[in-house]
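Chain by chain, the residues run as shown.
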Amino acid sequence: MQTIPLSEFRANASAMIDLVERGETVRILRHGKPVAELVPVSSDATPRVPSWKRVIEPLHIVRLDGKTGAQLIVDEREAGW
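All figures in this text were calculated on a predicted structure; none of them were measured in a lab.

Caption draft 1: Region of the structure containing the overall build of the chain. Helices and strands together make up the secondary structure of the chain, namely three helices and three strands. Going from N to C terminus, the chain has its helices and strands arranged as β-α-α-β-β-α. Taking 12 Å as the expected radius of gyration for a compact globule of 81 residues, we find that the chain reaches 28 Å, considerably beyond that expectation. Look at the contacts in the chain between residues 6 or more apart in sequence, and 24% of them connect residues 24 or more apart. When the accessible surface of the chain is totalled, it reaches about 7400 Å², and 56% of it is carbon and sulfur.

Put into C-alpha cells, the structure is as follows:
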C-alpha cells in the first residue's frame, strides 16, 4: 500500500492511477490523516442497484379452481357483494 499526501497525489494523479491499475492500494492523507483510499476494482464487481429501482416481478398465484385475481373480482361484483 502506498501512502501519500494530497499534494503529491494532485501532482502525480496519473501515476497513482497506474499503481492502482496494477493492483496496489493508494491511501491519500490530508494534514497527516487518511481521507481516502484508491483500490483496484474487483473482477466480480457488479453495479449495485438500490432496492427501490429493482424490477418488481408480479405474484403469480395459482388457485385450484384456475381463476385469476381479476376473475375473482369480477365474480364478486356480479354477485353484488
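Caption draft 2: Structural detail: the sheet that holds strand β2 (residues 26–30). Taken together, three strands build an open sheet; the order of strands is β1-β2-β3 and the sheet is mixed. Sheet topology places β1 (2–5) and β3 (33–38) at the edges, where each strand pairs with a single neighbour. Looking at each pair of strands side by side, their axes are set apart by 30° on average, direction ignored. As paired strands, β2 and β3 are joined by five bridges and run antiparallel to one another. Bridge pairing in β3 places Val26 opposite Leu38. Each of β1, β2 and β3 is contacted by helix α2 (residues 13–21), which is oriented at about 145° to β2, the strand it contacts most.

Caption draft 3: Up close: the environment of Asp75. For Asp75, the location among the structural elements is in helix α3 (residues 69–79). C-alpha separation for the pair Asp75 and Val26, spaced 49 residues apart in sequence, amounts to 67 Å.

Caption draft 4: Here's a closer look at the environment of Leu38. In this structure, Leu38 sits in strand β3. For the pair Leu38 and Ile28, spaced 10 residues apart in sequence, the C-alpha to C-alpha distance is 8.0 Å. For Leu38, the residues in contact, after removing those within four places along its chain, are Phe9, Ile17, Val20, Glu24, Thr25, Val26 and Ile28.

What counts, and at which threshold
- Residue positions are given per chain, counting from 1 as you read along its sequence in written order.
- Given that the model is predicted, a residue must reach a pLDDT of at least 70 before its local features are reported, and side-chain atom pairs must reach 80 or more before they are shown or counted; all residues, however, enter totals for whole chains, interfaces and linings.
- As a convention, hydrogens and water are excluded, and side-chain values are obtained from all of the structure's heavy atoms.
- Labels follow the DSSP assignment, with helices taken as runs of H or I lasting at least four residues and strands as runs of E lasting at least two, numbered in each case from the N terminus.
- Only C-alpha atoms enter the radius of gyration; for comparison, a globular chain is expected to reach 2.2 Å times N to the power 0.38, where N is the number of residues.
- Throughout, a residue-residue contact means that at least one pair of heavy atoms, one from each residue, lies within 4.5 Å.
- In short, Shrake-Rupley with a 1.4 Å probe defines the accessible areas, and a residue's cover is counted only from the protein chains shown.
- When DSSP locates at least two bridges between a pair of strands, those strands are taken to pair.
- Structural elements are reduced to axes, namely lines fitted to C-alpha atoms, with helices fitted over the stretch in contact, and the angle between N-to-C directions of any two is expressed from 0 to 180 degrees.

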